[in-house]
Amino acid sequence: MTSQEVELRKELIFYARKCESRDMLVYTQGNFSTRLPGTEYALITPSDIPYDDMEPEDIVVVDMDGKKVDGKYRPSSEAPIHTEAMKRHPGVNACAHVESPYINALSALNIEVKPVLGNFVYLFGGRGLAMGPSIKSGSAEFASATLDAMGDKFGVIWKNHGAFCVGQDIKTAFKRCVMAEQCARVYYLALALGKGEPDLIPDEIREEMVEAAAAAGWIKAI
Ligand SMILES: [Zn+2]
């Protein structure tokens, strides 16, 4: 195993633990993946192993159909959507799935996460989060339908389940999960005050933010 691969494995565990510490997943929930450079494979977190106990050698190597190539554990059952996202989008090198409560609360009521915060606009290139279909996750069919719904966005909500964000690296995919949940939380809190629909970032400012994000290289990948 190259030192680069060891670092990538460590990064997956590092960001998974960060998501757990930020209440964006519970116990063994969520899954995190990254391409293995120079190969047709990806690295993904194993199924049913708590992140606190996870070691770099526990990370599983899968092919681009999400099938295990190497590793002592089973890959995450969500591997098909991770590898399908990488197949469809050559600029997507990493994916993160979390089960964030504010995104889930809003989407359970079919309420879209609206841009009340600039960081949500910057990180998602002004495109927001897509709403995926209600299909049980973990299959190629789910992966295909959900990524169809995602289109050219950088993230998609799995209804009654969580969020899935992509990026040029795992840090970017993680940041998108964080910013989406923060925006959902603020939007939820503002709605909960019962004063009506909160003010959103005006269109012209949003456009300026998207231009700035593009110039900074934050919205590459799709
Ligand atoms: Zn999940």
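One structure accompanies this document, and this report is about it.

Rules used throughout
Residues numbered from 1 in each chain as written. Predicted model: local features only at pLDDT ≥ 70, side-chain atom pairs only at ≥ 80, totals over all residues. Axes fitted to C-alpha atoms, helices over the stretch in contact; angles between N-to-C directions. Helix = DSSP H or I, 4+ residues; strand = E, 2+ residues; numbered from the N terminus. Parallel < 35°, antiparallel > 145°, perpendicular 65-115°, else oblique. Left-handed = near helix turned anticlockwise from the far one by under 90°. Contact = placed C-beta atoms within 7 Å. Nonpolar A, V, L, I, M, F, W, Y, C, P; charged D, E, K, R; others polar. Pairing = 2+ DSSP bridges. Buried ≥ 20, exposed ≤ 12 C-beta atoms within 10 Å, placed from the backbone.

A short note on the packing of helix H3 (residues 101–108) against helix H6 (residues 170–192)
Move 1: Two numbers describe how H3 lies on H6: the axes approach to 7 Å, and their chain directions differ by 55°. The pairing of H3 with H6 is recorded here as oblique in orientation. Crossing of H3 against H6: the hand is left-handed. Contact residues: H3 offers Tyr102, Ile103, Ala105 and Leu106, while H6 offers Ala180, Glu181, Ala184, Arg185, Tyr187 and Tyr188.
Move 2: Residues of the contact of H3 with H6, tallied by class, amount to 8 nonpolar, no polar and 2 charged.

As for the sheet that holds strand S8 (residues 162–167)
Hydrogen bonds along the backbone pair up the strands of a sheet, which may run parallel or antiparallel.
Move 1: With mixed pairing, 8 strands are arranged side by side in an open sheet as S4-S3-S2-S1-S5-S8-S7-S6. At either end of the open sheet lies a strand with only one pairing partner, and these are strand S4 (68–70) and strand S6 (130–131).
Move 2: Helix-sheet contacts for helix H1 (residues 3–21) involve strand S1 (31–35), strand S2 (42–44) and strand S5 (94–98), and the interaxial angle to S1 is about 150°.
Move 3: Set on the sheet, H6 makes contact with S1, S5, strand S7 (155–158) and S8; between it and S8 the angle comes to about 140°.

Concerning the packing of H1 against H6
Two quantities define a packed helix pair, namely the angle between the axes and the distance from one axis to the other.
Move 1: At a minimum axis separation of 10 Å, H1 and H6 run at an interaxial angle of 10°. Between H1 and H6, the angle is such that the two are roughly parallel. Counting all contacts with H1, which are made through Glu11, Leu12, Tyr15, Lys18 and Cys19, the residues of H6 involved are Ile170, Lys171, Phe174 and Cys177.
Move 2: Grouping the amino acids of the contact of H1 with H6 by side-chain chemistry returns 6 nonpolar, no polar and 3 charged.

Details of the pairing of S5
Move 1: Among the 5 residues in S5, 5 count as buried, and that is most of the element.
Move 2: Side-chain alternation along S5 places Ala94, Ala96 and Val98 on one buried face and Cys95 and His97 on a second face that is also buried.
Move 3: Note that S5 and S8 share 5 bridges and pair antiparallel. From the neighbouring strand, Cys95 faces S8, where its bridge partner is Val166.

Describing the environment of Lys171
Move 1: Here Lys171 shows up in helix H6.
Move 2: Separated by 77 residues in sequence, Lys171 and Ala94 have C-alpha atoms that sit 8.5 Å apart.

With respect to the pairing of S8
Move 1: A large share of S8 lies buried, amounting to 6 of its 6 residues.
Move 2: Sheet analysis places S7 next to S8, joined by 4 bridges and oriented antiparallel. Considered in S8, the bridge of Gly155 is made with Cys165.
Move 3: Counted between consecutive antiparallel strands, the loop separating S7 from S8 contains 3 residues, among which Asn160 sits at a positive phi close to 55°.

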